[in-house]
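# Observations on chain architecture
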Amino acid sequence: MRDLGAGFGHLLKGQRWVARHGKSYGFGLLPGLITLVLYVGALVALALWGADFVGWATPFADDWSSPWVGLFRGFLTAVLFALALLLAVLTFTAVTLLIGQPFYESLSERVDRDVSPDGTAPESGLPLLRDLWISARDSLRLLVRAAIWGVLLFALGFIPVVGQTVVPVVGFFVTGFFLTEELASVALQRRGVEMRERLALLRSRKTLVWGFGTPLGLAFLVPFVAVFLMPGAVAGATLLARELLGEETKDGGEAPAPADTNAAF
């Protein structure tokens, strides 16, 4: 329970940090706005032409009698749109971070310098293009993992009772874990922590990760909220990364070192 509260505390601290640094907050909004426009455009297109796509993909139902063909294709259209919404929530952060890599890299460095006792921030030492390539590669790998979980949970949602109670709760925790990994990757990649190591590090403090990512995932379900919370989420994830690595901060002692675990997402 302590870690749940600590994770949520990092989320709030990140939002407070950007509230005190208006310029960083303003720059941090741009990638989210760009991603939002792209996602809204894609969802609107799906809403307009999703039924046509389903009709094209199910030619075997052309000869079915009414109302079965309409019910069948209407159900598939609803499933397609619901799956698109779920994947949009799971992937919004990764796509936004990819688009806004330079913006969020700079914001994360400022947070590190602000809370570090010696006023310094770790640097990757890699060229910008190399950093962008690593970020894109890791984002794609994480998107594949998130998509697999999304499809699995969506399918399990059709199980009576369990699908309407247990599965949504599990889905929120899975979403929270992936959101945290995506956001913390900005600070951890700058420290040279590879994706496999990042995942192991996050699994070692799952309750801390859930305390940060799960309420953020719930907030991201509200239209447009993700755009305005993203800068603070990156700032908070930087603070969380410092705790995971046991780095000293100005407002506290050295955070506990991460523990080993074999649990997996």
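First, a word on scope: everything that follows refers to the structure included in this document. (Residues numbered from 1 in each chain as written. Predicted model: local features only at pLDDT ≥ 70, side-chain atom pairs only at ≥ 80, totals over all residues. Heavy atoms only, no water.)

Another point: the overall build of the protein. When you go through the protein residue by residue, the secondary structure sums to nine helices and two strands. For the protein, the sequential pattern of α-helices and β-strands runs α-α-α-α-α-α-α-α-α-β-β. Along the three orthogonal principal directions, the C-alpha set of the protein runs to about 75 × 35 × 30 Å. Taking all 265 residues of the protein together, the buried fraction comes to 44%. In the protein, the share of contacts with a sequence separation of at least 24, taken over all contacts with a separation of at least 6, comes to 78%. (Helix = DSSP H or I, 4+ residues; strand = E, 2+ residues; numbered from the N terminus. Buried < 20%, exposed > 50% of the residue type's maximum accessible area, 1.4 Å probe, protein only. Contact = heavy atoms within 4.5 Å.)

Locating Asp131 in the fold gives a position in helix H5 (residues 128-156). The sequence separation of Asp131 and Ala146 amounts to 15 residues, and the corresponding C-alpha distance is 22 Å.

Note that Asp3 resides in helix H1 (residues 2-20). A polar contact is formed between the side chain of Asp3 and the side chain of Arg205, at a distance of 2.9 Å. Not counting chain neighbours up to four residues away, the residues in contact with Asp3 comprise Arg205, Thr207 and Leu208. (Polar contact = N/O pair within 3.5 Å; in protein donor to acceptor, adjacent residues only side chain to side chain.)

Counted under the stated rule, the structure contains 11 salt bridges. Residues Arg2 and Asp3 are paired through a salt bridge, measuring 3.7 Å at the closest nitrogen-oxygen approach. Exposure remark for Arg2: the relative accessible area of 64% places this residue in the exposed category. For Asp3, a relative accessible area of 14% gives the class buried. Linking Asp112 and Arg242 is a salt bridge whose minimum nitrogen-to-oxygen distance equals 2.8 Å. (Salt bridge = Lys/Arg side-chain N within 4 Å of Asp/Glu carboxyl O.)

Approximately 410 Å³ is the volume attributed to the largest pocket. Lining the largest pocket are 19 residues, with Leu86, Pro168, Gly171, Phe172 and Leu221 positioned closest to its centre. Elements with a minimum of two residues in the lining of the largest pocket: helix H3 (68-99), H5 and helix H6 (162-190). Counting residues per element, the lining of the largest pocket draws most heavily on H6, which supplies seven residues. For the lining of the largest pocket, a count of residues per class yields 13 nonpolar, six polar and no charged. (1 Å grid on protein atoms, 1.4 Å probe; cavity = no way out; pocket = protein on both sides within 12 Å on 5 of 7 lines; lining within 4 Å. Points joined across faces, edges and corners; volume = space filled by probe spheres on them. Nonpolar A, V, L, I, M, F, W, Y, C, P; charged D, E, K, R; others polar.)

Moving on, we get to empty space enclosed by the protein. In this structure the tally under the stated criterion is one cavity of 30 Å³ or more. Considered as a void within the structure, the largest cavity measures approximately 150 Å³ in volume. Of all the secondary-structure elements, those providing two or more residues to the lining of the largest cavity are H3, helix H4 (101-115), H5 and H6. If you tally residues by element for the lining of the largest cavity, the top one is H6, at five residues. The residue inventory of the lining of the largest cavity, partitioned by class, reads five nonpolar, five polar and five charged.

Turning our attention to helix H8 (residues 206-220). When the terminal C-alpha atoms of H8 are compared, their 20 Å separation across 15 residues agrees well with the 21 Å that a helix rising 1.5 Å per residue should span. Turning to H8, its buried residues number three or more, namely Leu208, Val209, Trp210, Gly211, Phe212, Gly213, Thr214, Leu216, Gly217 and Phe220. (Expected span 1.5 Å × (residues − 1).)

Further remarks concern the packing of H8 against helix H9 (residues 225-244). Where H8 contacts H9, the axes come no closer than 11 Å and their chain directions differ by 175°. Accordingly, the angle class assigned to the pair H8 and H9 is roughly antiparallel. Of the residues in H9, those in contact with Leu208, Phe212, Leu216, Ala219 and Phe220 of H8 are Val225, Ala226, Leu229, Met230, Ala233, Gly236, Ala237, Leu240, Glu243 and Leu244. Residue classes in the contact of H8 with H9 are distributed as 13 nonpolar, one polar and one charged. (Axes fitted to C-alpha atoms, helices over the stretch in contact; angles between N-to-C directions. Parallel < 35°, antiparallel > 145°, perpendicular 65-115°, else oblique.)

What follows deals with the packing of aromatic side chains. Note on aromatic pairs: each is described by the distance of the centres and the angle between the planes. For the coordinates displayed, the defined rule picks out seven aromatic pairs. Summarising the aromatic geometry, the rings of Phe177 and Phe178 are spaced 6.0 Å apart at their centres and angled 85° between planes, so their arrangement reads as edge-to-face. Judged by relative accessible area, which is 0%, Phe177 ranks as buried. Linked through ring pairs, Phe60, Trp64 and Phe72 together constitute an aromatic cluster. (Phe/Tyr/Trp six-rings, centres within 6.5 Å; stacked < 30°, edge-to-face > 60°.)

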